[in-house]
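Okay, here's what each chain looks like letter by letter:
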Amino acid sequence: MRLLLVSAIALQAFAFAPALYAAGGGGATTPPKPTNTTKKCLFGRVYDKDAGRCVKPNKTNFTQDELYDAVRELAYDGQFENAQNILRIMDQDDDRVLTYWGFTYRKMGELELANVFYTNAIEANPDNILARSYMGQGFVTEGKTDLAIEQWREIKARGGEGTWAEASLREAIRTGLTYNY
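Predicted model only: the values in this text are computed from it and were never measured. The written sequence of each chain sets the order in which its residues are numbered from 1. Two thresholds apply to this predicted model, a pLDDT of at least 70 for residue-level local features and 80 or more for giving and counting side-chain atom pairs, whereas whole-chain, interface and lining totals are computed over all residues. Excluding hydrogens and water, the side-chain figures rest on all heavy atoms present in the structure.

A. Summary view of helix α7 (residues 111–124). Helix and strand labels come from DSSP, where a helix needs a run of H or I of at least four residues and a strand needs a run of E of at least two; each type is numbered from the N terminus. By definition here, a helix of n residues has an expected span of 1.5 Å times n minus one. Given a rise of 1.5 Å per residue, 14 residues ought to cover 20 Å, and the 20 Å separating the end C-alpha atoms of α7 matches this to within 8%. Within α7 the residues assigned to the buried category are L111, A114, N115, F117, Y118, A121 and I122. For α7, the angular spread of buried residues about the axis comes to 165 degrees, placing them on one side. Facing away from the buried side of α7 by more than 90 degrees, the exposed set consists of E112 and E123. The contact definition used throughout considers only heavy atoms, calling two residues in contact when any of these lie within 4.5 Å. Packing partners of the buried residues in α7 comprise α6 (95–107), α8 (129–142) and α9 (145–157). Only protein chains enter the accessibility calculation, which uses a 1.4 Å probe. A residue is then buried if its area is under 20% of the maximum for its type, exposed if over 50%, and partly exposed in between. Directions drawn from the helix axis to the C-beta atoms are what define this arc.

In structure tokens form, the structure reads like this:
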């Protein structure tokens with residue numbers, strides 16, 4: 001009876017795990033916080049702190065990581081086309097860039113195209129558990145639970161157990177609900 005109670009408590013705590021851990025680059029564990037990029041800028045422009053205004057992003061006025069953060073923030077805000085405009089100027093061989101191409105296309109309903117980008121991200125970096133999680137969530141959306149479970153198992157096999165990528169995919173498989181970040 002005691003083991004059953006401990007298991008029930010652990011299961012209940014796990015049910016909330018995806019809310020506690022959000023995907024992102026650089027080890028981020030929360031959704032991106034809105035910055036002036038999403039609060040003030042229009043048309044996919046990015047806030048340049050040095051210039052004190054919104055500017056059209058390019059490789060000379062922002063680092064790859066700054067561009068990635070802007071893509072992530074815009075994608076989280078539902079500005080998928082603006083996020084893609086920034087992705088276009090980034091390093092197309094970077095598995096994070098490929099992952100977010102897939103993410104934006106998935107959110108725009110282009111599941112086949114999203115899977116092409118996720119597959120390319122995974123080929124570039126087989127340990128990209130975020131791409132695997134997002135791909136698996138797409139499979140959940142399509143009702144292809146068996147393929148989602150395959151990605152979930154790969155995440156665990158690659159040391160991703162307990163990460164947001166693993167927990168969110170497991171929760172998506174369990175509930176059918178996917179995540180926007």
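B. A look at unusual backbone geometry. One non-glycine residue, F43, lies in the positive phi region at around 60 degrees. As for its position among the elements, F43 is in the loop between α3 (36–39) and β1 (46–48).

C. Here's a closer look at the environment of R88. Tracing the backbone through its elements, the reader meets R88 in the loop between α5 (80–87) and α6. Throughout this description, a polar contact denotes any pair of N or O atoms lying within 3.5 Å of each other; where both atoms belong to protein, one of them has to be capable of donating a hydrogen while the other can accept it, and for residues adjacent in sequence the pair is counted only when both atoms sit in side chains. A distance of 2.7 Å separates polar atoms of two side chains, one belonging to R88 and the other to N85.

D. Quick look at α9. Its 13 residues give α9 an end-to-end C-alpha distance of 18 Å, which sits within 8% of 18 Å, the value for a rise of 1.5 Å per residue. Residues of α9 that are buried: A148, Q151, W152 and I155. Taken down its axis, α9 places every buried residue within 100 degrees of arc, on the same side. Turned more than 90 degrees off the buried face of α9, the exposed positions are D146, R153 and A157. On the buried face of α9, the contacting elements are α7, α8 and α10 (164–175). Two residues or fewer after α9 comes G159, characterised by a positive phi angle close to 85 degrees.

Worth remembering: the numbers are spatial, not functional.
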